[in-house]
Amino acid sequence: MKVLVPVKRVIDYNVKARVKADGSGVDLANVKMSMNPFDEIAVEEAIRLREKGVAEEVVAVSIGVKQAQETLRTALAMGADRAILVVAADDVHQDIEPLAVAKILKAVIDEEQPKLVIAGKQAIDNDMNATGQMLSALLGWSQATFASKIEIEGESAKVTREVDGGLQTIEVKLPAIVTADLRLNEPRYASLPNIMKAKKKPLDEKTAADYGVDVTPRLEITGTREPEGRKAGIRVESVDELVSKLKEAGVV
Amino acid sequence: MAVLLLGEVTGGELSVDATSKAVTAVKALGDVTVLCAGASARDAAQEAAKIDGVARVLVAEDARYGHRLAEPTAALIASLAGDYDHIVAPATTDAKNIMPRVAALLDVMVISDASAIIDADTFERPVYAGNAIQTVKSKDAKKVLTIRTASFDAAGQGGAASIEDIAAAEDPALSAWVGDEFAKSDRPELTSAGRVVSGGRGVGSKDDFAIIEALADKLGAAVGASRAAVDSGYAPNDWQVGQTGKVVAPELYVAVGISGAIQHLAGMKDSKVIVAINKDEEAPIFQIADYGLVGDLFTTVPELTEKL
């Protein structure tokens with residue numbers, strides 16, 4: 001079974017996003033970029049399936065700017081077998097919308113014919129939480145979002161999902177799209193020898209035009225601003241003082 | 001202009017809080033029709049009809065909608081889409097599962113987690129874990145969106161909308177429900193609670209979370225947790241507050257042993273009053289807390305529980 005894993009290059013998890021002074025977006029120039037953390041979990045899960053002998057090949061795909069090559073090299077260093085980069089933007093500030101990403105992924109999947117796609121549930125830049133679901137709709141495949149456990153059983157997968165209220169387990173027919181939540185696994189760090197080996201693994205480069213997909217945004221971003229700030233309040237010295245302040249504020 | 005709103009129906013019951021907050025968000029856009037889909041959905045429909053601002057309620061009662069699987073529910077919504085300009089739902093995990101699928105079936109972009117509705121085409125939404133608020137103008141003919149419920153007050157009661165049965169749509173039959181693990185709790189639901197007490201990594205263990213729960217019970221509060229606490233196994237996943245967990249905006253939020261990572265703040269910084277208890281006086285949570293107490297949670301929290 002072939003597993004395809006879409007990965008996105010995003011602002012590093014530890015970097016605080018800063019809104020540009022002119023309100024045109026978030027400043028990404030000279031900011032550390034990394035693989036979207038949920039996508040790392042997806043890559044890890046795919047590699048574990050291969051290590052268990054359930055999957056034969058893991059293909060990582062990234063859609064965005066040329067620099068996403070680095071993100072794919074990270075996936076290869078973690079253990080993906082090969083990678084496909086689809087260049088769809090020149091400017092790092094141009095985010096390709098989930099609908100366009102899903103259309104490109106569908107075209108890649110039509111060629112690659114994987115039996116399973118594991119994606120991160122959400123990218124930590126646009127926080128849309130949509131690509132997996134949209135891809136699943138376009139393909140007419142089953143979907144299992146927010147997965148905390150995946151078990152492949154013949155022609156189906158049993159997936160435990162993190163939902164409001166607790167956990168839900170569903171069985172989806174393969175081929176399927178699964179999106180990874182935080183508790184699915186703990187991704188490995190790539191070792192130095194594997195980082196070196198990854199440089200020799202195949203990385204194909206394509207463009208959105210190769211797949212005939214129009215990436216023109218449907219949502220025009222007309223402004224980006226800082227959220228209303230919240231000022232630090234006061235320090236209380238004791239529990240008694242805290243209790244009296246809360247009573248004054250009328251919240252207890 | 002007409003709005004189709006997917007009511008939040010779980011186990012045959014309507015989540016009145018989530019649904020009526022979404023009604024508030026969208027009622028200026030046009031007549032609101034609430035869709036209640038479920039294996040049993042009639043009681044939920046009765047409740048939905050009472051929400052102020054709801055013009056009509058559609059009931060799709062069929063076993064295939066029993067567990068809100070994305071494929072049949074999205075197919076149903078897409079089949080109804082022709083009559084509506086806006087298709088919306090409160091941003092629960094069910095809606096986040098279903099609505100992007102609906103959008104793709106209609107070849108439109110989804111607008112996730114809208115925190116303000118500016119006009120029929122223009123919406124605000126938080127991005128980058130709430131560190132930026134983006135205004136987006138949709139060029140699509142139909143708008144599919146989920147509503148950040150913490151940003152809106154619940155619509156009142158007193159409506160008397162008409163209720164109509166509708167036929168089920170074709171089920172692609174791609175997935176099947178196996179089971180749920182839902183903890184039973186007498187505490188209020190996290191996203192609608194007026195008070196929330198959350199614990200972080202500083203709590204140190206699952207057993208010690210009892211300290212957090214005791215304070216919550218004294219306050220009649222829901223219990224939340226930081227991602228670090230959930231990842232460490234101190235608290236179940238559905239307690240997680242933050243960018244990828246639940247977004248809450250209670251009257252009172254008490255953060256205990258939580259340092260205040262960006263992604264946690266994204267889920268609670270709209271709370272009216274924030275209390276932080278942490279032994280590290282440099283913890284970022286103090287920068288947004290109204291009342292900060294530097295101290296050992298294992299002594300201060302039981303003391304607080306006793307003195308309230």
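Residue numbering note: each chain is counted from 1, following its sequence as written. Chain labels run from A onward and ligand labels from 1 onward, assigned in the order the entries are written. Local features are withheld for residues below a pLDDT of 70 in this predicted model, meaning they are given only at 70 or higher, and side-chain atom pairs are given and counted only at 80 or more; totals for whole chains, interfaces and linings count all residues. Side-chain measures here rest on the full set of heavy atoms in the structure, leaving out hydrogens and waters.

In this section: the pattern of salt bridges. The working definition used for a salt bridge is a side-chain nitrogen of Lys or Arg within 4 Å of a carboxyl oxygen of Asp or Glu. Tallied over the full model, the rule gives 38 salt bridges over all chains. The residue A:Arg188 makes a salt bridge to A:Glu44 at a minimum N-O spacing of 2.8 Å. Here the residue A:Arg188 occupies a position in the loop between β10 (176-180) and α5 (192-198), and A:Glu44 occupies one in helix α1 (residues 37-51), the gap between them amounting to 144 residues. Of the residues examined, A:Arg188 reaches a relative accessible area of 29% and is grouped as partly exposed. Classification of A:Glu44 by relative accessible area gives buried; the value is 2%. Of the charged contacts, one joins B:Arg42 and B:Glu61 as a salt bridge, the two residues approaching to 3.1 Å between their closest N and O atoms. Here B:Arg42 is found in helix α2 (residues 42-49), whereas its partner B:Glu61 is found in strand β5 (residues 54-61), with 19 residues between them in sequence. Residue burial is assigned from relative accessible area. The probe radius is 1.4 Å, only protein chains are included, and a residue is buried under 20% of its type maximum, exposed over 50%, and partly exposed in between. Accessibility expressed as a relative area gives 36% for B:Arg42, which makes it partly exposed. Look at B:Glu61 and you get partly exposed, because its relative accessible area is 33%. Note on conventions: DSSP H or I runs of at least 4 residues are helices, E runs of at least 2 residues are strands, and numbering of each starts at the N terminus.

Looking at the secondary structure, you find A:Asp125 in the loop between β6 (116-120) and α4 (131-139). Look at A:Asp125 and you get buried, because its relative accessible area is 7%. Contact between two residues is taken to exist if any of their heavy atoms lie within 4.5 Å; hydrogens are not considered. Setting aside its immediate chain neighbours within four residues, A:Asp125 contacts A:Lys8, A:Arg9, A:Val10, A:Asp95, B:Val127 and B:Tyr128.

Right, let's get into the nonpolar core. By nonpolar core is meant a set of buried Ala, Val, Leu, Ile, Met, Phe, Trp, Tyr and Cys residues that side-chain atoms within 4.5 Å join together. Ranked by internal contacts, the top residues of the largest apolar core, which has 92 residues, are A:Ile104, A:Met134, B:Val26, B:Leu35, B:Cys36, B:Ile77 and B:Met99. The element contributing the most residues to this core is helix α3 (residues 98-112) of chain A, with nine residues. The residues contacting B:Met99, other than those within four sequence positions of it, are B:Ile77, B:Ile87, B:Val88, B:Ala89, B:Val110, B:Val144, B:Leu145 and B:Thr146. Counting 46 residues, the second-largest nonpolar core is a separate cluster that includes A:Ile41, A:Ala42, A:Ile47 and A:Leu72.

Let us now look at the UniProt feature "domain: Electron transfer flavoprotein alpha/beta-subunit N-terminal" (unreviewed entry) in chain A. UniProt positions are given in the numbering used here, feature names are shortened, and annotations may be inferred rather than shown by experiment. Taken from the UniProt record, the annotation "domain: Electron transfer flavoprotein alpha/beta-subunit N-terminal" (unreviewed entry) applies to residues 23-215 of chain A. Counted over residues 23-215 of chain A, helix gives 30% and strand 31%. Its end C-alpha atoms are 23 Å apart.

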